[in-house]
Amino acid sequence: MNENLSVLGVFSLLSILAVGGGAAVLPETKALVVETHHWLTDDQFRDIYGLGQVVPGPNMLMVIVIGYHVTGFLGALMAFVGFFLPAGAISWAASRVWDHFEGSPWRRSLQQGLAPLVVGLMASGTISIARTAIDGRLTIIIAFAVFAGVYCVKKVNPALLVLGGGLVGLALLSGTGAGMPPN
Amino acid sequence: MSPPLPPVPGAAPAAEAPPAYAVPQDVRLWDIFVTFLLIGAISFGGGVVAYLRASLVLKKGWLDEEHFLSALEIAQALPGLNATNMSIIVGDRLRGVAGSIVAFTGMTLPGGSMVLALGVAYAANAHNPYVNAALVGVGAAAVGMLSAVTLQIGHKQLGQMLNVAIIAATVLMVSFLHISLVWVLLTVGPVAVFLFRPRKGDSGEGEGEAS
């Protein structure tokens, strides 16, 4: 029971901190889930983040799987409610008062100031996943190929590229024991 | 009963203003749910905003461009994911709290149930070498995608020193000094907003932010 409450607490905190969206809160999610609470290993975090990439909708729905790993289905529910309710309530309330600030020059300052902060957080999110996901030549090649595909070919469905990465891994790595949890 | 008046051409005010956009009054909750369910089921890889615009503005006509952008501005400035914040804000504009709830539920139901099913399967196959090999590939691909999305969003800012400095400071604090996000937001956030504070002579028009 305590563990369920702590899942709820951690993801509620992350919810409020998720200024700039899911990728921006990724490094903090990993720090809390892996380093502070030891709910997952580095590799499990990378795997679960990968699962979030292959389903539609927001990638951060993968918090459900993190909750499931801690305490099962109740944990999944706690993670979902924790991650979406506080931020959802704030958005709902703020959207009702936002128009009162119409024309305030500070609205623009807020947007301009937060934009590079969010990009920095997204870059940190990339770094935190890369630290476990990039391990050897093949993973570097896959990452560069997907980067080029998403960045240069605008009309490609990114989920297909991510699935393609999975197939390449399956074809070339399954005999090597890559990604296996240590015994 | 007075006899119906014949239409009088030219009697109406000649230059009637074009009808101003008004929030549609009669959108059914079920319709909101199904619309967001579809967006939630087909939007892959962070492109949710494009799907939202195509559906809400172009197909359904529930919002005009201006109101869509203003809702998006709120969704981006506040904590939470753009996709779910948009569902809550747009649902609220259409049908109040109930609209928010059905829109949010529709948005998260397809991906949420799928990722949970995958997660259960993953937990049951944690020692399967094929599953692990595939996930190594997926993880590497995710790094490529995240860096591409980060660069797509950030490339406009890389030309301005102030933006580059804020990005670098944020990355340094989070990734290398491992400072908690709370402190990063509370320190870098106000400083960054202050550096972009309104100045006298600003007309309020963006000088390079056309999007």
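Just so it is clear, the model here is predicted, and its values are computed rather than measured.

Okay, the overall build of chain A next. For chain A, the helix and strand inventory stands at eight helices and zero strands. The secondary structure elements of chain A, listed N-terminal to C-terminal, are α-α-α-α-α-α-α-α. The proportion of buried residues among the 183 residues of chain A is 55%. Here the analysis covers contacts within chain A between residues at least 6 apart in sequence; of these, 57% occur between residues at least 24 apart. On chain A, roughly 7,700 Å² of surface is accessible, and the fraction owed to carbon and sulfur atoms is 68%.

On to the packing of helix α1 (residues 2-17) of chain A against helix α4 (residues 63-71) of chain A. Residues and elements named next belong to chain A. The N-to-C vectors of α1 and α4 enclose an angle of 160°; their axes lie 10 Å apart at closest approach. It follows from the interaxial angle that α1 and α4 lie roughly antiparallel. For α1 against α4, the interelement crossing comes out right-handed. Contacts from Glu-3, Asn-4, Val-7 and Phe-11 of α1 reach α4 at Val-63, Ile-66, Gly-67, Val-70 and Thr-71. Looking at side-chain class alone, the contact of α1 with α4 contains five nonpolar, three polar and one charged residues.

Residue and element names in this part refer to chain A. Under the feature "transmembrane region" (unreviewed entry), the UniProt entry names residues 66-92, 113-130, 136-153 and 160-180. Helix makes up 96% of residues 66-92 and strand 0%, and the two end C-alpha atoms of the span are 26 Å apart. Secondary structure across residues 136-153 comprises 89% helix and 0% strand; the distance between its end C-alpha atoms is 26 Å.

On to the interface of chain B and chain A. Contacts between the two partners involve 93 residues from chain B and, on the opposite side, 100 residues from chain A. Counting each side, the surface lost to burial between chain B and chain A is near 8,400 Å², with a carbon and sulfur contribution of 74%. Taken together, the links from chain B to chain A amount to one salt bridge. Linking A:Arg96 and B:Asp92 is a salt bridge whose minimum nitrogen-to-oxygen distance equals 2.7 Å. Our count for the contact surface shared by chain B and chain A stands at 14 residue pairs in polar contact (both at pLDDT 80 or more). Of all elements in the fold, only α1 (29-42), α3 (65-77), α4 (82-124), α5 (129-154), α6 (161-176) and α7 (181-195) of chain B reach the threshold of two or more residues within the side of chain B that touches chain A. Of all the elements, α5(B) adds the most residues to the side of chain B that touches chain A, at 25 residues. Looking at the side of chain B that touches chain A, its residues break down into 53 nonpolar, 33 polar and seven charged.

Assignment of secondary structure puts A:Glu28 in helix α2 (residues 26-36). Among residues more than four places away in sequence, those in contact with A:Glu28 are A:Leu14, A:Leu17, B:Ser180 and B:Leu181.

Another point: a nonpolar patch on the surface. On the surface, A:Leu74, A:Leu77, A:Val81 and A:Leu85 cluster together into a nonpolar patch covering about 330 Å² of accessible area. Here A:Leu85 is to be found in helix α5 (residues 73-98).

Residue and element names in this part refer to chain B. When pLDDT is averaged along chain B, the result is 82; 83% of the residues meet or exceed 70. Here α3 stands out as the element of chain B with the lowest mean pLDDT, 81, in contrast to α4, whose mean of 94 is the highest. Considering only residues more than four positions removed or in separate chains, one finds that residues 5-15, a stretch of pLDDT under 50, has zero contacts. Note on residues 203-211: pLDDT under 50 across the span, and eight contacts to partners over four residues away in sequence or across chains.

For the pair α4(A) and α4(B), interaxial distance at closest approach is 8 Å and the crossing angle is 40°. Put simply, α4(A) runs oblique to α4(B). Every pair of crossing elements has a handedness; the one defined by α4(A) and α4(B) is right-handed. Two secondary-structure elements touch here, α4(A) through A:Ile64, A:Val65, A:Tyr68 and A:His69 and α4(B) through B:Gly112, B:Val115, B:Leu116, B:Gly119, B:Val120, B:Tyr122 and B:Ala123. Across the contact of α4(A) with α4(B), the residue classes break down as eight nonpolar, three polar and no charged.

What follows is about helix α7 (residues 137-152) of chain A. Its 16 residues give α7(A) an end-to-end C-alpha distance of 22 Å, which sits within 8% of 22 Å, the value for a rise of 1.5 Å per residue. Within α7(A), the full set of buried residues consists of A:Thr139, A:Ile142, A:Ala143, A:Val146, A:Gly149 and A:Val150. Looking straight down α7(A), one finds its buried side chains confined to an arc of 130°; they lie on one side. More than 90 degrees from the buried face of α7(A), the exposed residues found are A:Arg137, A:Ile141, A:Phe144 and A:Cys152. Residues of α7(A) that are buried make contact with α6 (105-133) and α8 (158-173) of chain A together with α5 of chain B.

Thresholds, definitions, all that
- Residues numbered from 1 in each chain as written.
- Chains lettered and ligands numbered in written order.
- Predicted model: local features only at pLDDT ≥ 70, side-chain atom pairs only at ≥ 80, totals over all residues.
- Heavy atoms only, no water.
- Helix = DSSP H or I, 4+ residues; strand = E, 2+ residues; numbered from the N terminus.
- Buried < 20%, exposed > 50% of the residue type's maximum accessible area, 1.4 Å probe, protein only.
- Contact = heavy atoms within 4.5 Å.
- Areas by Shrake-Rupley, 256 points an atom, 1.4 Å probe, with all protein chains shown as cover.
- Axes fitted to C-alpha atoms, helices over the stretch in contact; angles between N-to-C directions.
- Parallel < 35°, antiparallel > 145°, perpendicular 65-115°, else oblique.
- Left-handed = near helix turned anticlockwise from the far one by under 90°.
- Nonpolar A, V, L, I, M, F, W, Y, C, P; charged D, E, K, R; others polar.
- UniProt positions renumbered as here; feature names shortened; annotations may be inferred.
- Buried area = accessible area lost by both parts, 1.4 Å probe.
- Salt bridge = Lys/Arg side-chain N within 4 Å of Asp/Glu carboxyl O.
- Polar contact = N/O pair within 3.5 Å; in protein donor to acceptor, adjacent residues only side chain to side chain.
- Patch = residues over 30% accessible without salt bridge, like charges linked within 9 Å, V, L, I, M, F, W, Y side chains within 5 Å.
- pLDDT = per-residue confidence, 0-100.
- Expected span 1.5 Å × (residues − 1).
- Arc of directions from axis to C-beta.

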